[in-house]
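What follows is each chain in one-letter form.
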Amino acid sequence: MSHAEVWVIAAAAVFGIGLYSLLIASHLLRQLIAIKVMGSAIFLVLVVAAGPIDGALDGLPKALVLTGIVIAISAIAFALALLVRLAEVTGSTSLEDEADDDR
Amino acid sequence: MIAEALAGLVFLPLLAACAVAVVPKRAVGVFVWSGLLPLPALLLPLTEAVWREGLVRLAVAGFASPLGIEWRVDALALVVLWLNALIAVFVGLYAARDYPPGSARGGRFWALWLLLTSAMNALLLSADLFNLFVTLELVTLAAIGLLVIDGKPAALRAAMRYLLLALLGSLFYLLGVALIYGQAGTLDLYQAGERLGPGLLPVTALVLMTMGLLVKSAIFPLHGWLPAAHGNAPGPVSAVLSAMVVKVSVYLIWRLWLWLAADWQPAWALPLLGLLGAGAILYGSVLAFLQVRLKMMVAYSTVAQLGYLMLLFPLLGPLGYSAASYHLLSHGLAKAAMFLAVSNILAVMGTDRLDRLAGADRRLPLDTLTLALAGVSILGLPPSGGFVSKWLMLQAAWAIDGWLWLAVILAGGLLAAAYLFRPLAVLCARPATAQAADDGSPPSATGLHWSGVVALLLALGALAAGLAPAPVLALLERGLPPGILP
């Protein structure tokens, strides 16, 4: 097995773990963490799939992953703020016990 | 000149957004309007250049692709840029009533509004797959920030669901980008398209990116988050969400299939994408008819109307392309007008439950008129932009003997008539017994507020789009996607 294949399999496993937790979790915090884990798997793919071209190391994927991490952090921070507000206003940390919103 | 105009489209609202966040309250208004009002003026030289050359390219900061990011404006991008500028300015004028730029909550609203405008302009200009991911995230975050600006519990729940699905959609898109980069060694949408060919990996990447974008654009059966989000957002936010935010994701799907994968799009998938559209039209229309709240009805109408944008794929050709692009434009104007009118009705009547709105036209003549005129365009009656696009779409379906698509387009029109006439009949109803709503009181002052005029202007714009479609259609014909011959 080549070096790249190991990493791709690892990425697939991490992605699967994230997806599984996303599907079984009902607490929004757990769902957000699951999405974050899936995101990490994709960053791994991004670094590996781009790989060294013709023996020369390509710096661009690393720059992309760095940008991606910054974006993921901002998005998760925003989601956490939203979650805190949601818990304050509705007293619920899950979307499953949703009431009918008809006025 | 062109370079300055392009940069202005992105950086003027962006700088204004930053300024709004830090300047004292009394100065906010100046920055808001100096960030929004010049946008149409910036588009004028660009329109002239695209009309002359068909395509305007700019390597940002002088760094050419593959290292730098390239901006490209063709006819389709230009049409959507115009729609974005019009929506940002007109709906912005309306929003200035609900969120006065000098007030405490106004500051937050306008920073996000300007950021959203800037992000959508950047998305429409960009030709770089990763840059598109970044702008897409900015659009989503700004849009969801606006959605929860009032902190209503229903809006918070809808926003949380929207955010989770949007984040998931972004992941799928990003995974596709990673695969494309691994294959093509470039992120430039057009260069990557040329370097790739039909094969398992490129098609997998295309499908992954499309799945992510289908979630973000709420195409049936992934529309679940949209009605609650668009139906519970503040009025002007609903308008921009329905008119622009979901459209830019569909726009990106078009870019991927008709430009990136122009030579290697899997032919088997085109009817499948069309079937998603057909499902959206039928399901969205029926559910729009079943709603008890006016605003939810308009939100489900968006689910249905987005379906027409997906019919581009089975009807691929110059006619289908013009039809779908024109539909994007006319639906944007009409739906924005409709949400603004409904928002006025909700504000004045205190409810948007259809069973409590009887006789509302007495108090809100202007908004009832706006609702009716926008409805004309949504259901595709002449003379309106909606008529032009649906007529072209019918012709495209006729030309390829696509009877299924023909039937879906016609059924969609009839269903739209059903769900749009119902609220109009209620609004104009005269209850037999004397009720508070029908006591002969004069039209209320709110009903004739200038914000109502703004909504009416947008509805009239959708109608005008049906009277003079020739220039836009001619422009679109100059920028047909590769592989589509006139």
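Since the model is a prediction, treat every value here as computed from it, not as a measurement.

Caption draft 1: Quick look at the nonpolar core. Residue and element names in this part refer to chain B. Core analysis: the biggest nonpolar cluster contains 226 residues, and Val73, Trp110, Tyr173 and Trp257 have the highest contact counts within it. For this core, the element with the highest residue contribution is helix α7 (residues 153-184), accounting for 20 residues. In contact with Trp110, other than residues within four places in its own chain, are Val20, Val32, Trp33, Leu36, Gly92, Ala95, Ala96, Tyr99, Pro100 and Pro101.

Caption draft 2: Local environment of empty space enclosed by the protein. For the structure shown, the criterion picks out two cavities of 30 Å³ or more. Counted as a void, the largest cavity has a volume near 170 Å³. Those elements giving two or more residues to the lining of the largest cavity turn out to be α2 (28-50) and α3 (60-90) of chain A together with α6 (129-147) and α7 of chain B. Among the residues forming the lining of the largest cavity, the class breakdown is ten nonpolar, four polar and two charged. A volume near 40 Å³ is recorded for the second largest cavity. Taken together, B:Leu136, B:Val139, B:Thr140, B:Tyr162, B:Lys216, B:Val245, B:Val248 and B:Ser249 form the lining of the second largest cavity. Elements with a minimum of two residues in the lining of the second largest cavity: α6 and α11 (235-260) of chain B. A per-class count over the lining of the second largest cavity returns five nonpolar, two polar and one charged.

Caption draft 3: Structural detail: helix α16 (residues 365-379) of chain B. Residues and elements named next belong to chain B. Taking 1.5 Å per residue as the helical rise, α16 with its 15 residues ought to reach 21 Å, and the 21 Å between its terminal C-alpha atoms agrees with that figure. Counting buried positions along α16 yields eleven of 15 residues, so the element is predominantly enclosed. Among the residues of α16, those classed as buried are Leu366, Asp367, Thr368, Thr370, Leu371, Leu373, Ala374, Gly375, Ser377, Ile378 and Leu379. The inward-facing, buried residues of α16 abut α13 (294-310), α14 (318-349), α15 (360-363), α17 (385-399), α18 (403-427) and α19 (450-467). At the exit of α16 stands Gly380, carrying a positive phi of roughly 85 degrees.

Caption draft 4: Seen up close, the environment of B:Phe90. Residue and element names in this part refer to chain B. With respect to the secondary-structure elements, Phe90 resides in helix α4 (residues 75-98). Under the relative-accessibility criterion, Phe90 is labelled partly exposed at 23%. Measuring from C-alpha to C-alpha, the distance between Phe90 and Leu458 comes to 7.5 Å, with 368 residues separating the pair along the chain. Those residues in contact with Phe90, other than ones at most four positions away along the chain, are Val454, Leu457 and Leu458.

Caption draft 5: Up close: the layout of surface pockets. Residue and element names in this part refer to chain B. There is about 400 Å³ of room inside the largest pocket. Lining the largest pocket are 19 residues, with Trp82, Leu86, Leu329, Leu333 and Val472 positioned closest to its centre. Residue assignment for the lining of the largest pocket shows that the elements contributing at least two residues are α3 (38-53), α4, α14, α19 and α20 (470-478). Taken together, the residues of the lining of the largest pocket sort by class into 17 nonpolar, two polar and no charged.

Cut-off values and rules
- Residues numbered from 1 in each chain as written.
- Chains lettered and ligands numbered in written order.
- Predicted model: local features only at pLDDT ≥ 70, side-chain atom pairs only at ≥ 80, totals over all residues.
- Heavy atoms only, no water.
- Core = buried A, V, L, I, M, F, W, Y, C linked by side-chain atoms within 4.5 Å.
- Buried < 20%, exposed > 50% of the residue type's maximum accessible area, 1.4 Å probe, protein only.
- Helix = DSSP H or I, 4+ residues; strand = E, 2+ residues; numbered from the N terminus.
- Contact = heavy atoms within 4.5 Å.
- 1 Å grid on protein atoms, 1.4 Å probe; cavity = no way out; pocket = protein on both sides within 12 Å on 5 of 7 lines; lining within 4 Å.
- Points joined across faces, edges and corners; volume = space filled by probe spheres on them.
- Nonpolar A, V, L, I, M, F, W, Y, C, P; charged D, E, K, R; others polar.
- Expected span 1.5 Å × (residues − 1).

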